[in-house]
Amino acid sequence: MIDRSAPRKLASDLRARFEALGAVPVEPPFLLSADTLLDLYGEDIRGRAYVTSDPARGEMFMRPDFTVPVVQMHMAQGAEPARYTYSGEVFRRQEEHPDRAIEFLQVGYEVFDRADPVGAEAEVFARIAEALAPMGLKAVIGDIGLLRAAIEGLDTTQRRKSALLRHIWHPRRFRALLDRFAGRAPVPAAREALLNAADPMAHAGPMIGLRSAAEIEARIAALREDAATAPISEGQLELIEALLEVRETAPYALEQLRDLAVDMPSISKAVERMAARNAALADMGIDLETLSFEATYGRTSMEYYDGFVFGLIAEDRPDLPPVASGGRYDALTSKLGQGREIPAVGGVIRPGLVLDLGGLS
Ligand SMILES: N[C@@H](Cc1c[nH]c[nH+]1)C(=O)O
């Protein structure tokens, strides 16, 4: 039987710790409306949510995290600035890791504050790292904003940039797209035939799918336009590859990124933001020499992250997910803000994993 009392006790102690630091406790519902919220999670979590239905409310799903319902609550009624904490179960199917828990506790700390975004990032990281300090976990940070800026700066069509931005979360598909856009990978034969056909719909048979003829024609036109687009240059491709390879302590990573920014000016702003963040982290007492920066970090986590990301990891247990993780999710606030938005960053601790690894003392 699952022991719920020990993780619950730890969760409530951690939440009390965040409350003592000024966060307001919140208790979002377990069941969320699929209509308004499910798509915000992106493909991976959306596919792992337990979905059910209610006769009056339509499709509902069990919360796979707290961030989305907390953002919804804040955007509907919260005063600024705000700091929230919560603790409770989240639910995720685990088809790929049947040994992992499908329901587990999270204790979170979320900051909605427009005054000092890098300060808020350092604050969230430090609060969580301090709470887990006795465990000696490895800390890794990353920045989805750098990769986004690098993609935006590519000399190619907006359609290609949007496709790459959408696939940040699927490193293999991202790689395949990049190779195709750079002309390194051949266009698949079936696609080639489709593009060259005088009338691609000629032998298509009756309409049986969900897409209308007009939608299919628009898609073929887009593919043809793409086929006629010049490839992304080798030089730009190599710069993206070099960016993805940055994996160093935070101060060295910053140096490497500054070097890259000379040839890739589109990332300059994000790099200087990282410099300010490193300084803010040092101000919070974080030792930058032992803090790892990985440019690819966070690419397989929550798809709403759009800037700073971090995780605290048990290095000798690569089989386990991070004990704590979080990041910035500014765009999520505007999606739920009905015209309003606010910079926001937060993170969670998983008390169950803390206990599995021997606890906090
Ligand atoms: N909700 C995220 C963690 C997080 C909280 N705030 C920001 N990120 C998760 O479940 O992985």
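None of these values were measured; they are calculated from a predicted model. (Residues numbered from 1 in each chain as written. Predicted model: local features only at pLDDT ≥ 70, side-chain atom pairs only at ≥ 80, totals over all residues. Heavy atoms only, no water.)

1. Re the pairing of strand E11 (residues 324–328)
No. 1: Along E11, 4 of the 5 residues are buried, which leaves the element largely enclosed by surrounding structure.
No. 2: Where E11 lies against strand E12 (residues 344–349), 5 bridges are found, and the strand directions are antiparallel. Within E12, the residue paired with Arg328 across the bridge is Val345. (Buried < 20%, exposed > 50% of the residue type's maximum accessible area, 1.4 Å probe, protein only. Helix = DSSP H or I, 4+ residues; strand = E, 2+ residues; numbered from the N terminus. Pairing = 2+ DSSP bridges.)

2. Observations concerning the side chain of Asp306
No. 1: Take Asp306: it is sitting in the loop between strand E9 (292–294) and strand E10 (308–313).
No. 2: No salt bridge is formed by the buried Asp306. Its closest oppositely charged neighbour is Arg328, at 6.0 Å.
No. 3: A distance of 3.1 Å separates a polar side-chain atom of Asp306 from the backbone nitrogen of Asp330.
No. 4: Not counting chain neighbours up to four residues away, the residues in contact with Asp306 comprise Ile144, Gly145, Arg148, Arg328, Tyr329, Asp330 and Ala331. (Lys, Arg positive; Asp, Glu negative; His and termini not counted. Salt bridge = Lys/Arg side-chain N within 4 Å of Asp/Glu carboxyl O. Polar contact = N/O pair within 3.5 Å; in protein donor to acceptor, adjacent residues only side chain to side chain. Contact = heavy atoms within 4.5 Å.)

3. A closer look at the UniProt feature "domain: Aminoacyl-transfer RNA synthetases class-II family profile" (unreviewed entry) in the protein chain
No. 1: UniProt's feature table lists "domain: Aminoacyl-transfer RNA synthetases class-II family profile" (unreviewed entry) at residues 8–342, given in the numbering used throughout.
No. 2: In residues 8–342, helix accounts for 44% and strand for 17%; the two terminal C-alpha atoms are 32 Å from one another. (UniProt positions renumbered as here; feature names shortened; annotations may be inferred.)

4. Brief notes about the packing of helix H12 (residues 250–263) against helix H13 (residues 268–283)
No. 1: Between H12 and H13, whose axes approach to 10 Å, the crossing angle comes to 160 degrees. Accordingly, the angle class assigned to the pair H12 and H13 is roughly antiparallel. Note on packing geometry: the crossing formed by H12 with H13 is left-handed. Two secondary-structure elements touch here, H12 through Ala250, Pro251, Ala253, Leu254, Leu257, Arg258 and Ala261 and H13 through Ser268, Val271, Glu272, Met274, Ala275 and Asn278. (Axes fitted to C-alpha atoms, helices over the stretch in contact; angles between N-to-C directions. Parallel < 35°, antiparallel > 145°, perpendicular 65-115°, else oblique. Left-handed = near helix turned anticlockwise from the far one by under 90°.)

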